[in-house]
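The chain contents come next:
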Amino acid sequence: GRGVVMTATSMDRLGVAQQGRASVMSETIPKLYWPMLEHLFATMEQRSLSLPLPSCSPPPLALTLPLSLSPSPFLQAAWAADHAFPEELWLAESNKPQPRSRMESWGFQSDQFRKIRTTYIDAGPQAQVLNSLWYPQPCYDLPVIGLDLLSFGAKKLCVIDIQPLPASRDHHHKLVQPLLAVRNKYPLFLGEKSDKIYSDDLFFSPAMLFGRFKDQNEVETTLFPVFKEYLDFYLNLVNECKPNHSEEAIARVLDGQRQYDQYNSERDPAIGLFNSYYGKEFAGRYVFEFLFEAAVPVPGSHGSN
């Protein structure tokens, strides 16, 4: 039967750099998207050193960072505080023999970001998944950025988008117009999303990258460069945005982020993977206590159990 471990204290929670790039399943199998995860953490630290952070909210609660982050005093002191989510959701392992898997998650908050969440799933050659979503503080009328990199055997999928919120959809679409030229440089990622899951474009931008591919070399030669370009473009948007502290503006952005969570909690295809690997009880908590905290379960939807 399935065995799921959900307590961080029972596992080795080493730092991202310390863990290395080999799968926990075998030292001969690489964690395909781990270099991108390292880049996310490095970017957070570098930005804290080079860019001032405008204050638009009370300082985050003084929480202890996961051990993964403790080697970086800059990240801890100058940039991010831990975004509180239940410790038992930090790590999960499935003891199913085929495939065994390990899922690790991190959450952060800063002056500019209400929530940054990142997840890595390592199931050896059967599955490698990196997912990261960045929600700006609500005093910024800005889109969110979603980074989804998936590999299932030979099949690989990239979905990267700077995703608009409903009340500011037209404005958010204009913000990403400069990315269209960047997007056109990468024909591998000019595909179309599946309408079976996402039947409308409410939370998608014209600059969305969507691509299926099989050549693993494309990860380093094509995917990684455009991953960096989109992330840098987005962070520059955030740094150039002037905060609006009015209650009405903040409420509008928060409602848009809530709508985003609700929409995706009912449709995200990864929820089926969580159910399969870690069981429905864990998956339900993970969806509504970490991934999409502002959402509420809807009976019969993809994310409800």
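Residues numbered from 1 in each chain as written. Predicted model: local features only at pLDDT ≥ 70, side-chain atom pairs only at ≥ 80, totals over all residues. Heavy atoms only, no water.

Asker: Help me understand the confidence of the model for the chain, please; the structure alone is not making it clear to me.
Answerer: Parts of the model with low pLDDT should not have their predicted coordinates read in detail. Predicted confidence across the chain gives a mean pLDDT of 81, with 77% of residues reaching 70 or more. Counted against residues more than four places away or in other chains, residues 1-13, with its pLDDT under 50, gives 41 contacts. Note that residues 49-80 has pLDDT below 50 and, in this model, 64 contacts with residues that lie over four places away or in other chains. (pLDDT = per-residue confidence, 0-100. Contact = heavy atoms within 4.5 Å.)

Asker: What exactly am I supposed to notice about the pairing of strand S8 (residues 155-163) here?
Answerer: Side-chain positions along a regular strand alternate between the two faces of the sheet. Most of S8 is tucked away, with 7 of its 9 residues classed as buried. Bridge count between strand S7 (residues 144-152) and S8: 9 bridges; the pairing is antiparallel. By the bridge assignment, Leu-149 is partnered in S8 with Cys-158. Counting the residues in the hairpin turn of S7 and S8 gives 2 residues, including Gly-153, whose phi is positive at 65 degrees. By the bridge criterion, 5 bridges tie S8 to strand S9 (residues 209-213) in an arrangement that is antiparallel. Each bridged residue has a counterpart across the sheet, and for Val-159 the counterpart in S9 is Phe-210. (Buried < 20%, exposed > 50% of the residue type's maximum accessible area, 1.4 Å probe, protein only. Helix = DSSP H or I, 4+ residues; strand = E, 2+ residues; numbered from the N terminus. Pairing = 2+ DSSP bridges.)

Asker: Help me out: how do you make sense of the packing of helix H8 (residues 270-278) against helix H9 (residues 280-291) in this one?
Answerer: The angle between the axes and the distance between the axes are what describe a pair of packed helices. The geometry of H8 relative to H9 is characterised by a closest axis approach of 7 Å and an angle of 135 degrees between their N-to-C directions. Overall, the two elements H8 and H9 adopt an arrangement that is oblique. By crossing handedness, the relation of H8 to H9 is classed as right-handed. Counted together, Ile-271, Phe-274, Asn-275 and Tyr-278 of H8 and Lys-280, Phe-282, Ala-283, Tyr-286, Val-287 and Leu-291 of H9 form the full contact between these two elements. Of the residues assigned to the contact of H8 with H9, the class counts are 8 nonpolar, 1 polar and 1 charged. (Axes fitted to C-alpha atoms, helices over the stretch in contact; angles between N-to-C directions. Parallel < 35°, antiparallel > 145°, perpendicular 65-115°, else oblique. Left-handed = near helix turned anticlockwise from the far one by under 90°. Nonpolar A, V, L, I, M, F, W, Y, C, P; charged D, E, K, R; others polar.)

Asker: Looking at this model, I keep getting lost on the pattern of salt bridges. Mind explaining?
Answerer: Where charged atoms from two side chains of opposite charge come close, those side chains can pair. Inspection of every chain in the model, using the stated rule, returns 9 salt bridges. Residue Arg-258 is joined to Asp-255 by a salt bridge in which the shortest nitrogen-to-oxygen separation is 2.9 Å. Of this pair, Arg-258 and Asp-255 are both found in helix H7 (residues 247-265), 3 residues apart, which corresponds to roughly one turn of the helix. Arg-258 gets classed as partly exposed once you look at its relative accessible area, which sits at 36%. (Salt bridge = Lys/Arg side-chain N within 4 Å of Asp/Glu carboxyl O.)

Asker: What am I meant to see in the nonpolar core here?
Answerer: One finds Tyr-33, Met-36, Trp-134, Leu-149, Ile-160 and Leu-223 to be the most contacted residues of the largest nonpolar core, which totals 47 residues. Among the elements that line this core, the one with the most residues is helix H6 (residues 217-240), at 12 residues. Ignoring anything within four residues of it in the chain, the contact list for Leu-223 reads Tyr-33, Met-36, Leu-149, Cys-158, Ile-160, Phe-189, Phe-213 and Glu-218. Counting 36 residues, the second largest nonpolar core, distinct from the first, contains Phe-85, Leu-150, Tyr-263 and Val-287. (Core = buried A, V, L, I, M, F, W, Y, C linked by side-chain atoms within 4.5 Å.)

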